[in-house]
Amino acid sequence: MRVEIDENSGFCTGVVNAIRKAEEELSRGELYCIGDIVHNSREVERLQRKGLKTIDHGKFALLKNCRVLFRAHGEPPLSYKQAEENGIEVIDASCPVVLNLQKRIREAYEQVKREQGKIVIYGKRGHAEVIGLVGQTNGEAVVVENEADIEQLNFSHPIVLFSQTTKSLEGFQNISALIKERGGAGVIVHDTICRKVANRIPQLRNFAKIHDVIIFVCGEKSSNGRQLFAICREENKRTYLVQSVENIRPEMLEGAESIGISGATSTPAWVMEEIKKKLTEQ
Ligand code: SF4
C-alpha cells in the first residue's frame, strides 16, 4: 500500500512563525496567548505542555505586567492599547500579511469616511482576524458573510470592499460581482485573499484524484479545514475527516492501494507523519 502526505498541506507561514515565536519566548518564561494559537487542539495541547497559557479577551483585560503573544490572526487596536496601559509586553506574532491588510483597511477607512462611505469586509462575523480588521475602522466596517447580507449596504455612498485572508476566492468573486452590480463605480474592490490558502485548492483537487482514499486531518474548530475537506470530497468520495490516528477505522481503507494524507493550514505536520507511520506499519 502506497501512503503519501500532501506536500502542500499543513501550516501556512503565518502559523509556522507564530509557533516558532511562542516556542522561543516560552524558553524565557511565562507566556500567555489570546485564543488558540492555531485551530488544532493537539498542537495547542503540545504548546500548553511547554507552558503556553491560552486566555480570552476578558482575561487579557485583567492581566498586568506579563508577556502576551498575539497570534497570526492579528488583534484590534484595543488589545495594543490595553497592553500598554497594563504594562504587558506584547510578543506580536501577527502574520505580516494580516498586518498589511489591517494597515490598508485603516488607510481606506480614513479616506472613505470623509465621503460618508463604508468599509465592507467579506468574512466570518466574530472570526478573530475579522475582529482585528473591523477594529481598524472604529468598529464601523460592515461584515458581509453571504448574499443576503448585501441588503444591509447603502449604495448611495462609496464602498471599499476587502476580504478576510482565508476566505475562498470563488466566494469573494461572487460577492464582489454582486456588490459591484448594485453599487457600480462607487465600489472599489480589493482582493485580499491569501494565496497560500487559495492556491491550495487546485493543488488539493489534483492530490485527491490520484489516490484511492484520502485521509483529511484537521481540528474541529478549523473553518479552513472544513472547506478543504469538502473540496477533497468533491473529487474523491472516499475522503475521511479525522483529527488523529485514533479516528481511522479499518473499513475506511478497505481495498485501497494508495492513500493520500492531507490537512488544513492548521494541521501540524507531526500529526500527519504519525498517521503515515501507522498506516505503513499495517
Ligand atoms: S493564511 Fe496567509 S494571511 Fe493568514 S496567517 Fe496564513 S500566511 Fe498569514
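In what follows, the accompanying structure is described. (Residues numbered from 1 in each chain as written. Predicted model: local features only at pLDDT ≥ 70, side-chain atom pairs only at ≥ 80, totals over all residues. Heavy atoms only, no water.)

1. Quick look at the site of the ligand
The local shell around the ligand consists of Cys12, Thr13, Gly14, Cys95, Val97, Val98, Thr165, Thr166, Cys194 and Val197. Among the secondary structure elements, those contributing two or more residues to the shell around the ligand are helix H1 (13-26) and helix H5 (96-112). Partitioning the shell around the ligand into residue classes produces 6 nonpolar, 4 polar and no charged. (Near = heavy atom within 4 Å. Helix = DSSP H or I, 4+ residues; strand = E, 2+ residues; numbered from the N terminus. Nonpolar A, V, L, I, M, F, W, Y, C, P; charged D, E, K, R; others polar.)

2. Some points on the pattern of salt bridges
When the charged atoms of two side chains lie near each other, side chains of opposite charge can form a pair. This structure, assessed with the given rule, holds 22 salt bridges. Among the salt bridges present, the one from Glu23 reaches Arg46, with a minimum N-O distance of 3.0 Å. Of the two residues, Glu23 sits in helix H1 while Arg46 sits in helix H2 (residues 41-49), which places them 23 residues apart along the sequence. What makes Glu23 partly exposed here is its relative accessible area of 27%. If you follow the salt bridges from partner to partner, you end up with Glu23, Glu43, Arg46 and Lys50 in one network. (Salt bridge = Lys/Arg side-chain N within 4 Å of Asp/Glu carboxyl O. Buried < 20%, exposed > 50% of the residue type's maximum accessible area, 1.4 Å probe, protein only.)

3. A look at the sheet that holds strand E1 (residues 2-5)
The strands making up a sheet associate through hydrogen bonds between their backbones, and the pairing can be parallel or antiparallel. The 4 strands lie next to each other as E1-E12-E10-E11, forming an open sheet whose pairing is parallel. Bordering the open sheet on either side are E1 and strand E11 (239-242), each of which pairs with just one other strand. Mean inter-strand twist for the sheet, computed between neighbouring axes without regard to direction, equals 20°. Where E1 and strand E12 (residues 258-263) come together, 4 bridges link them in parallel fashion. In the sheet register, Ile5 faces E12, and the bridge partner there is Ile261. Those strands touched by helix H12 (residues 269-281) are E1, strand E10 (213-217), E11 and E12, and its axis lies near 165° from that of E12. (Pairing = 2+ DSSP bridges. Axes fitted to C-alpha atoms, helices over the stretch in contact; angles between N-to-C directions. Contact = heavy atoms within 4.5 Å.)

4. Section: unusual backbone geometry
The backbone of Gln116 sits at a positive phi, close to 55°, despite the residue not being glycine. With a relative accessible area of 58%, Gln116 lands in the exposed category. For Asn138, which is not glycine, the phi dihedral falls at a positive 60°. The residue Asn138 is located in the loop between helix H6 (128-134) and strand E7 (142-144) in this model.

5. Some remarks on the packing of H2 against H12
Contact pair H2 / H12: the axes reach a minimum separation of 9 Å and the direction vectors enclose 115°. As judged from the angle between their axes, H2 and H12 are roughly perpendicular. Contact with H2, carried on its side by Arg42, Glu43 and Arg46, involves Trp270, Val271 and Glu274 of H12 and no other residues of that element. Taken together, the residues that form the contact of H2 with H12 break down as 2 nonpolar, no polar and 4 charged. (Parallel < 35°, antiparallel > 145°, perpendicular 65-115°, else oblique.)

6. Regarding H2
Burial in H2 covers these residues: Glu43, Val44 and Leu47. Seen along its axis, H2 keeps its buried residues to an arc of 100°; they face one direction. As for H2, its buried residues are in contact with H1, strand E3 (52-55) and H12. Of the residues flanking the start of H2, the one acting as N-cap is Asn40, its side-chain oxygen 3.1 Å from the backbone nitrogen of Arg42. A positive phi of about 115° marks Gly51, the residue just after H2. (Arc of directions from axis to C-beta. Polar contact = N/O pair within 3.5 Å; in protein donor to acceptor, adjacent residues only side chain to side chain.)

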